[in-house]
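Chains, contacts and geometry: an overview
Each chain, written out:
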Amino acid sequence: MTQLFTLLKISDGLAIQFGADGLGRMFLCLDTVMWILVGIYAFKYKEHMKHTKRFFAFYLLTYLMLAALSMAANYLTMYLCFEFMTLLSMPMVLQDGTPESIAAARKYLMYSIFGATLGLLGFFFSAHYGAGTVFTPGGLLDPAKVAGNESKLLVVAFLSIAGFSAKAGMFPLHAWLPTAHPVAPAPASAVLSGVITKAGVLCILRVMYQVYGASFLAGTWVQKALIVLSLITVFMGSMMAYGEDLLKRRLAYSTVSQVSYVLFGVFTLHPVALLGALLHVIYHSIIKDGLFLGAGAVIFTNHKEYVSQLHGMGKRMPVTFGCFTVCSLGLIGIPPFAGFLSKWYLAAGSLSEGLPVLSWLGPAVLLLSALLTAGYLLPISIHGFFPGEGEKEAEGKEAPFQMLFPMLVLALGVVVFGVFAQPLADALLRIAEAMF
Amino acid sequence: MSLVQNVPAFSILLLMLCGIVCLVLPRRAARHLADCAIALVAAASVALLVYFLQGGAAYTYSMGEIGAPFGNELRAGMLEAAVATLFSIVTLLSLMGGRAHLRSDIGRLKVNLYYISTLFLLCSMLALVYTNDIFTAYVFVEINTITACGIVMSKEDGYTLAASMRYFIMSLIGSGLFLISICILYAVTGHLLMSNIQEAVAQLYAQGEYRAPLQVAIALMGVGLSLKSALWPFSSWLPDAHSSASASSSAMLSGLVLKSFIFLMIKIFYRVIGAGIVRTHAVLDLLLVFGILGMVMGSVNALFERDIKRLLAYSSVGQIGYIFCGVGLGTPAGVAAAMVQVAVHATTKAMLFCAAGGLMDASGGSKKFRDIEGAGRRDPYAGVAFIVGTLSMIGIPFFGGFITKLSLVQAAVTVGGWRNLLSILAIIVSTILTAIYYINVLAIIFRAPETAPTKASEKLKEEWKKQVRLDTEYEVAIVLFILLNLAIGLRSDQLMQIITTGLSMFG
Amino acid sequence: MTGFGILIAILVPILGGALVPLLDFDARRAREYYVFAIVLATSVYTLSLLSSGQGSELVLYHLTSTIDITLRIDRYGSIFALLVSVLWPLATLYAFEYMSHLHKKNRFFGFFTICYGITLGVAFAGNFITMYLFYELLTLATVPLITHEGTREAKVAGVKYLVYSIAGATAAFIGMIAILTHGGSLEFAVIGLGDAATPENRRLFDLAFLFMFFGFGVKSAIWPLHGWLPTAGVAPTPVTALLHAVAVVKSGVFAIGRVVYFTYDAGYLAGSMVQKIGLAFSAFTIVYGTVMAWKEIHFKKRLAYSTVSNLSYIVFAFLLVTPSGLTAGLLHMMFHGLMKIVLFFVAGTVMHQSGRIYVTDLRGFGRAMPVSFATFTIASLALTGIPPLCGFLSKYAIAEAALAQGSPLAYAGVAALLVSAVFTAAYLLTICVRAYFPPADFEPWSLKSVKEANLYMTLPLVLLTAAIVLLGCFPGALQAFIGGVVPAAFPGL
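Quick look at the overall build of chain A now. Looking only at helices and strands, chain A features 18 helices and two strands. Scaling as 2.2 N^0.38, a compact globule of 436 residues should have a C-alpha radius of gyration of about 22 Å, and chain A matches this with 21 Å. Within chain A, contacts between residues at least 6 apart in sequence are counted, and of these 80% link residues at least 24 apart. Approximately 14,200 Å² of chain A is accessible, and the part contributed by carbon and sulfur atoms is 69%. Here chain A carries 26 positive and 21 negative side-chain charges, and the mean point of each set is 5 Å from the other.

Written out as structure tokens, the structure is:
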């Protein structure tokens, strides 16, 4: 962590500090690019919304907190940014003002705060048992203080990581995601799924690797439990998406599943798996944002929300569905699109990690989930372009250009980052290795 | 034999003589004579107390220098002198505080009869304090009963007559039991002088003879005197008697008469029976339990009262319970606590009854809560008196009530077992209840004019508009009462010293 | 001379307050000037005493051979006095406006001011009997304030309060006397029971501790003795805010602190059964209060239950019986006072301006009363424990103290603290959400008649909220001041 900057020193051991390292820079870049693209989209989508000034105010403030979160140099600052980010992103969920959206926003708030409180527990312990406060690769715990208290620390590690995973939508704290996404406006859903969930991932990365340290957690019941939970989520998310008709909720379950791919990679505590995770962070952001923007375009232009209403829509909205298809292929993991490489590295890392059972179970679940992903994404495109006999064809027109532009950029990104993945992978490998 | 040692006999005889003379004097002269006599007795008692404080020893005083077994004896010690002082001062202040009501309640023609009763009442109380002869004690117990009834009955209305009849009957039952007990003691020991009886009883106990009769005698003594001093559940006569009587009568009855019997009981237990034997007897436990029940039940009953004087009467039942609780604990600390409460309650309750009289005056003569609303503002002396009384009853430091609570708690925590727990619980419960009903009274009497009671009749409101006659004597009495209460609160060390030294001189 | 200064600080508000109903002001301005002058003068004087008069003592009276009425300024009392003297003038300003539509103002402000003096008496008491004197007087002086409205509800609340308080105070008194008669010292300058704590006496002293703990625990609203607090929510808001969030309830925890650190000591209590009982009850109350607050929809009763919970944070911290526990508890005592008084003031302002008393009726109020709800939001965030606001600091301090103490009950307390944080967000932040983000069908004109309160009410809110933020970011001076209590309470260290 370099270029440390102390904004406010509250007392001994409590300071609001920012700093830059590879991980933080990566997340910052990701957040910024996504925010700009979705922002362009939102300037058009806002014709569908009331209280637009309020929306954009919170849109920007959320970005501020995300940027601050990426640059947070210690646990306190990270916790502060995490909490404020929750508070500032919540109004975007209840933008429409319907009773469902208000209830969804409240659910989001409570899950996040519950998770953050578990994270706070981790902070109390890290302050008590830590040798310093700044995030340090390999962990910041003081071995002298830790000795004899490992079991307590393991419990707290599990709880705090599980707490932050609420933001990342891991079972059992995932339930807010499928509720919040359908009711939020499409731009909000896009950033929630694509970017804000990754904030949870970032916090978990910091806690696991730079507070406790990989060596402290490797091989413990904590790691195993977390891997199991992430695999459950991967499978469950895909299953639920498969059966869901409301398009945005299908995509939400997909997010639940996909982000747990990332978490799986994080929990495996192996550089290659971590590389896969970081790669998937970027890929999934691009892909999921593309998918949500597409879904939003369908709603905006043609007011259709359900998958069953989209037969033949592809013919009416060729660009939209084209981008949608490209992103779907990426998500499934078909080379050369982005998404293949991340899954490859995840599987490779897991297999070389050497945990009993889990090292092969992981890739197996990932494979199964890929099949399911195909099952819940491809039919949309297929039925969109090839409605088949006897199906009522949907009415509609193409989305306006301002909304198509970001989608095209993202779809292009899926292709480019898939084909020319090596430079990205190299950069991320350096970052991953630096975490150990 | 110094001059001051004659004070006990002198006090009793003077009061008796003045009482007789009052019979033939006109109203004003009788009043002045009574006042002077009581004041003189008070001064004399103070002199006696000073004598003891300066190191005098307790002594016995043979009446007429006729020796035992035919003669009569008085015994004086620090405690007796202190109690005598207390009784005389409170009597005087009660008379002063309630004087206005004497005029209206009793009527000009019979007022001197009232003074006779008062003088004989005080005389009998002092006799009970000083006497060393058990039969004399009985005689003066009877005189006490009769004169007490007298001061209740002198206000002639239906209530007082009914109340005093009830009082009389209950009292006589008590006296009767007391008499039986005396007969047993006389029969068993052959003596009437207290110190002699004590030796005999100790001897008999050591030899194990006449155990049963002695047990019965002690029990009857306890019950008989408890009946007369309104131990719960023998207190049913008290509310009627004390509430219907005139203000100064209520003050004297609540404040003094009950205490004189308790003091007699303590005296007999310690001087006649002997501390060691009494402590083995179940009568103490009985007194403790009933005392505790009285503490609670008295307050519970007061909670529901809507008549200020009945409320104060029930409050007395509760406060007397404290005294019995202290005695019943059986330790010297307990008896000391009881004696402190005697002093505090005497001054406080007498003050409150006089103040109640003032409130009634300011409310057109009614005692009901709905009629005395705001009376504290019309008669500020009564208002302040009630504030002081409340603070004392709750047990705020600087006031007398705090000292009694302090001593009782100190006695309770040094005793072991169930007695400890029960008395602590009783103190807590009774403090809570007392606080509630006294603060309720304060809220009522200080209610502001704009929320004037709509329940009071128009006639009464007219009465209020009349200029409340300022009665200097009453005001002085209230102020002196307050000062007495504060004196106990602020100078409790000396009081405790007097009590403990006095108790050690006692037996 | 400074010894008498303490007496002056206490007597000026008591006598000044007693004069208010006697002088019977008719004009609002006259009364306000007089009362504010008295309160402000007392505050200024007290603050000067705190800075220059540390350690001064005044033996007012030898009540008996073993009991003195003593006043003393020590660091522990100064902390409480600091809190009270800063908050009282602001609360008085607020009360002026709040009471403008209610009646019997002279009586109200009379007792309100008298309570100030009595609370200073509690803070500056030099031994337990003196504290008991002021503690009982505080109960008596606050009863008329609770029953002020005169409704049946108010009278019931007053009686309930009286019963609970007198029961508690009497139980505590019995504990005190038990200690006194068995050789312990009630002087706060004498730390610990010393030689009196022989093994034979242990059981008695344990029992006395429990009597005092639960006796003072009534005012500290420890379950199951908390029942009077939510019921007392019917009192006018200045009363609930200042007295039941600051003066009265903090007197209770203050007294418990005196019991734990100045009468008993760490040597006696650490690891003992009574410490465990105390920790267990306070940990339970933390959760109980917070859950009850979440279920309650009456605005002020919700805040009252929140107070129940937060007081037990302080008691829990004290019962850890370590230096960090003591300072953490004191920090929360200060900060909670600030935060809770803002919350109550806003609740009162809402009632004053619109008559609404239920949290479900507050849709859209964020725009109708912007200043009030802005301060409410900041105070809510602070109470939930979001850094860098002050509430985070005190929670952090308590958690660290618990972790350092390390016993199982300490961990239970940390868990309770965190559970409480989640519920606090639930019962406070949802109010903010409702106020700022009303549903789509909400009509703004329905709140046209609701206006922001005037300066009397908003100025205290703004000042206190500024303090919440500033003390959260720059707590150094305050923490140093509080830290000064450790040498006195732990003489061996």
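The next point concerns the interface of chain C and chain A. Quite often, the size of an interface is put as the accessible area lost when its parts meet. Contacts between chain C and chain A engage 34 residues on the former and 37 residues on the latter. Buried area between chain C and chain A, both sides added, is near 2,900 Å², and the carbon and sulfur share of it is 80%. Broken down residue by residue, the surface that chain C buries against chain A is led by Tyr396, Leu418 and Phe437 of chain C, which jointly contribute 21%. Between chain C and chain A we count zero salt bridges in total. For the pair chain C and chain A, the number of links is two residue pairs in polar contact (both at pLDDT 80 or more). For the side of chain C that touches chain A, the secondary-structure elements that each account for two or more residues are α16 (390-405), α17 (408-436) and α18 (455-473) of chain C. No other element matches α17 of chain C, which puts 12 residues into the side of chain C that touches chain A.

We now examine the packing of helix α8 (residues 186-212) of chain A against helix α12 (residues 271-302) of chain A. All names here are of chain A. α12 packs onto α8 with a crossing angle of 165 degrees between their chain directions and a minimal axis gap of 7 Å. One finds that α8 runs roughly antiparallel with respect to α12. For the crossing formed where α8 meets α12, the hand is right-handed. Between α8 and α12, the contacting residues are Ala186, Ser189, Ala190, Val191, Ser193, Gly194, Val195, Lys198, Val201, Leu205 and Tyr209 on the first element and Leu274, Leu278, Val281, His284, Ser285, Lys288, Asp289, Phe292, Leu293 and Gly296 on the second.

Below, the discussion takes up the pairing of strand β2 (residues 68-72) of chain C. Residue and element names in this part refer to chain C. For β2, the buried fraction is high: five of the five residues fall into the buried class. Burial along β2 is two-sided: Asp68, Thr70 and Arg72 facing one way and Ile69 and Leu71 facing the other are all buried. With five bridges connecting them, strand β1 (residues 57-62) and β2 associate as antiparallel partners. Residue glutamate 57 lies in a different strand from β2, and its bridge partner there is arginine 72. The hairpin formed by β1 and β2 contains five residues between the paired strands.

Attention now moves to α17 of chain C. Residues and elements named next belong to chain C. For α17, built from 29 residues, the straight-helix expectation of 42 Å at 1.5 Å per residue is met to within 8% by its first-to-last C-alpha distance of 42 Å. At leucine 429, α17 shows its largest kink, close to 30 degrees. Counting buried positions along α17 gives 21 out of 29 residues, so the element sits mostly inside the fold.

We now examine the environment of leucine 409 of chain C. All names here are of chain C. Assignment of secondary structure puts leucine 409 in helix α17. You can call leucine 409 partly exposed: its relative accessible area is 23%. The spatial distance from the C-alpha of leucine 409 to the C-alpha of tyrosine 396 is 17 Å, given a sequence separation of 13 residues. Excluding residues that lie within four positions of it along the chain, leucine 409 makes contacts with Lys276, Leu279, Ala280 and Phe316.

What follows covers the pattern of salt bridges. Within this structure, the stated rule accounts for 21 salt bridges over all chains. Arginine 206 of chain A is the partner of aspartate 21 of chain A in a salt bridge, and the nearest nitrogen-oxygen pair spans 3.0 Å. With aspartate 21 of chain A in the loop between β2 (14-20) and α1 (22-45) and arginine 206 of chain A in helix α8, the pair connects residues that are 185 residues apart, well separated along the chain. Between arginine 99 of chain B and aspartate 35 of chain B there is a salt bridge, with its nearest N and O atoms 2.7 Å apart. Taken together, the residues span a long stretch of sequence, with arginine 99 of chain B in helix α4 (residues 99-106) and aspartate 35 of chain B in helix α2 (residues 27-53) at a distance of 64 residues. The exposure class of arginine 99 of chain B is buried, given its relative accessible area of 2%. Aspartate 35 of chain B sits in the buried class, given a relative accessible area of 15%. Counted as one network, the salt bridges with shared partners bring together Arg31, Asp35, Arg99 and Glu473 of chain B.

Residues and elements named next belong to chain A. A surface patch of nonpolar side chains, amounting to about 520 Å² of accessible area, comprises Leu412, Val415, Val416, Phe417, Val419 and Phe420. Following the sequence through the fold, leucine 412 ends up in helix α17 (residues 401-419). Here leucine 412 falls in the exposed class, since its relative accessible area comes to 55%.

Conventions and cut-offs
Residues numbered from 1 in each chain as written. Chains lettered and ligands numbered in written order. Predicted model: local features only at pLDDT ≥ 70, side-chain atom pairs only at ≥ 80, totals over all residues. Heavy atoms only, no water. Helix = DSSP H or I, 4+ residues; strand = E, 2+ residues; numbered from the N terminus. Rg over C-alpha atoms; globule rule 2.2 N^0.38 Å. Contact = heavy atoms within 4.5 Å. Areas by Shrake-Rupley, 256 points an atom, 1.4 Å probe, with all protein chains shown as cover. Lys, Arg positive; Asp, Glu negative; His and termini not counted. Charge placed at Lys NZ, Arg CZ, Asp CG, Glu CD. Buried area = accessible area lost by both parts, 1.4 Å probe. Salt bridge = Lys/Arg side-chain N within 4 Å of Asp/Glu carboxyl O. Polar contact = N/O pair within 3.5 Å; in protein donor to acceptor, adjacent residues only side chain to side chain. Axes fitted to C-alpha atoms, helices over the stretch in contact; angles between N-to-C directions. Parallel < 35°, antiparallel > 145°, perpendicular 65-115°, else oblique. Left-handed = near helix turned anticlockwise from the far one by under 90°. Buried < 20%, exposed > 50% of the residue type's maximum accessible area, 1.4 Å probe, protein only. Pairing = 2+ DSSP bridges. Expected span 1.5 Å × (residues − 1). Bend = angle between axes of the 7 residues up to and from the residue. Patch = residues over 30% accessible without salt bridge, like charges linked within 9 Å, V, L, I, M, F, W, Y side chains within 5 Å.

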